[in-house]
Amino acid sequence: MRRRVSRRVLLSWLPPAAFAACGGRSSAPAATPTPLPTLPAGTTPVVSATAIPTSTATPSPSPPPTATATAAVDALLPVGFPIDPRTRLGMVTGAVGARTISWDAGPAAEEYSRADQPSGDPERANRCGWNARLHVEYEGQPAVDWYVRGVPVTATMDGTATLLINTVANPFDVYGVPREAYIGNPDRSRAPISPFPGPGGGQGVFVRIENAAYRTDSAHLELAPTLAHIPKDAWVAGFAADAGALSRQFAALRDFRTATAVARWSVKRGDVIGVTGDTGYSEAPHLHYAIRPVGQENALCPTREVGFSRSGWLFGAPG
Ligand SMILES: [Zn+2]
């Protein structure tokens, strides 16, 4: 989980190949460029929209799709799981007030996400992580969590990956706030959204992948093992693949809207981009995974499980 991010994307134009929210392919190019949104005071945009066209010229009609064009477009779709779908998940056990996670005792990630995460039963839907509904309720955005420890994370689409760091710390540990109320289906009376006396650290160490159509976030990664998957030439000036130095640089918790881009590189779907961990606002080791159509930061898809239905991204092409 993470705090709601109110930052809005800095985009003014969508290419003709852009998709409408929730998988519908737009039949017409965006005719009118929208003005750049204004960022709230004090907001730090975590990443600039590099490689995304910002021209305000009127797009020309797109030609009929060819096989090559279709293949190129499909690579832009975030399809499938960012972890091995056979990964056995941690499962919430114990009564309210004494909940804990039994590691490797849950179903496989795919089984949980098919059968349990979309469930209308909150306990079942959140027994191995947080489902999209809970994320929308707490954060105003669709995302899913899986309780896993130290597993590789893969890109689900082609694009530009950015390693961003808010903090390597965890606010529950820093402030000594018990995690129990946040495990599984949180108790609203015991699990306030902001239980910390200071910054909550947001997504901790995370990798954002962006392309012309979508953006994915994989958050709360473990720093040191993640560094092994970053190309040597990816580092932003002033940073390097030095876990000790980065841990010192990002030891402090910062506002959840703040993150620093430390590396940027190109990825293809299936490339390993990091390793799961427990950094930032994380009640237990897990992977937080979110998908947003470009230019529709606040879209909530009308699917059974927001953005992640049986016909959605985790299980095939958006439908
Ligand atoms: Zn989450």
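Predicted model, so just to flag it, every value in this text is computed and none were measured. (Residues numbered from 1 in each chain as written. Predicted model: local features only at pLDDT ≥ 70, side-chain atom pairs only at ≥ 80, totals over all residues.)

Draft legend 1. Seen up close, the overall build of the protein chain. Within the protein chain, the regular secondary structure consists of seven helices and 10 strands. When each of the 319 residues of the protein chain is scored for burial, the buried share is 45%. Considering only intrachain contacts with a sequence separation of at least 6, the fraction spanning at least 24 residues in the protein chain is 77%. (Helix = DSSP H or I, 4+ residues; strand = E, 2+ residues; numbered from the N terminus. Buried ≥ 20, exposed ≤ 12 C-beta atoms within 10 Å, placed from the backbone. Contact = placed C-beta atoms within 7 Å.)

Draft legend 2. Broad picture of the sheet that holds strand 10 (residues 287-293). Taking strand neighbours across the sheet as the criterion, the six strands line up as 3-10-7-6-5-8 in an open arrangement whose pairing is antiparallel. With partners counted over all chains shown, the strands left at the sheet margins are strand 3 (144-146) and strand 8 (260-267), one partner each. Averaged over all adjacent pairs, the angle separating strand axes in this sheet is 20°, with direction ignored. The sheet contact formed by strand 6 (residues 205-210) and strand 7 (residues 214-219) spans four bridges and is antiparallel. (Pairing = 2+ DSSP bridges. Axes fitted to C-alpha atoms, helices over the stretch in contact; angles between N-to-C directions.)

Draft legend 3. Summary view of unusual backbone geometry. Positive phi values are uncommon outside glycine, yet aspartate 104 reaches one of about 65°. The residue aspartate 104 is located in the loop between strand 2 (100-102) and helix 2 (109-115) in this model. Residue aspartate 104 is classed as partly exposed on the basis of its C-beta count, with 13 C-beta atoms lying within 10 Å.

Draft legend 4. Region of the structure containing the nonpolar core. Counting 55 residues, the largest nonpolar core has Ile83, Leu89, Trp146, Tyr147, Ile165, Val207 and Leu221 as its most contacted members. Tyrosine 147 has contacts with Leu89, Gly90, Ile101, Cys128, Gly129, Ala284, Pro285 and His286, leaving out every residue within four places of it along the chain. (Core = buried A, V, L, I, M, F, W, Y, C linked by C-beta atoms within 7 Å.)

Draft legend 5. Main features of the pairing of strand 7. Burial within strand 7 is extensive, with six of its six residues counted as buried. Going residue by residue along strand 7, you find Tyr214, Thr216 and Ser218 tucked away on one face and Arg215, Asp217 and Ala219 tucked away on the opposite face as well. The loop that links strand 6 with its antiparallel partner strand 7 comprises three residues. Examined bridge by bridge, strand 7 and strand 10 share six bridges and lie antiparallel to one another. Bridging from a neighbouring strand, aspartate 217 pairs with alanine 290 of strand 10.

Draft legend 6. Region of interest: helix 4 (residues 132-139). Buried residues of helix 4: Ala132, Leu134, His135 and Glu139, and no others. Angular distribution of buried residues about the axis of helix 4 spans 160°; they occupy a single face of the element. In this fold, the buried residues of helix 4 make contact with strand 3. The first or second residue beyond helix 4 is glycine 140, which carries a positive phi of 70°. (Arc of directions from axis to C-beta.)

Draft legend 7. Spatial organisation of the environment of alanine 181. Examined against the element boundaries, alanine 181 turns out to sit in the loop between helix 5 (171-175) and strand 6. Among the residues examined, alanine 181 registers 19 C-beta atoms within 10 Å and is labelled partly exposed. It is 8.6 Å that separates the C-alpha atoms of alanine 181 and alanine 98, two residues lying 83 residues apart in sequence. Aside from chain neighbours lying at most four places away, what touches alanine 181 is Pro186, Asp187, Arg190 and Ala191.

Draft legend 8. Seen up close, the environment of alanine 284. Its location among the elements puts alanine 284 in the loop between strand 9 (272-275) and strand 10. Take alanine 284: there are 26 C-beta atoms within 10 Å of it, and that puts it in the buried class. Linking alanine 284 and tyrosine 147, residues 137 residues apart in sequence, is a C-alpha distance of 7.1 Å.

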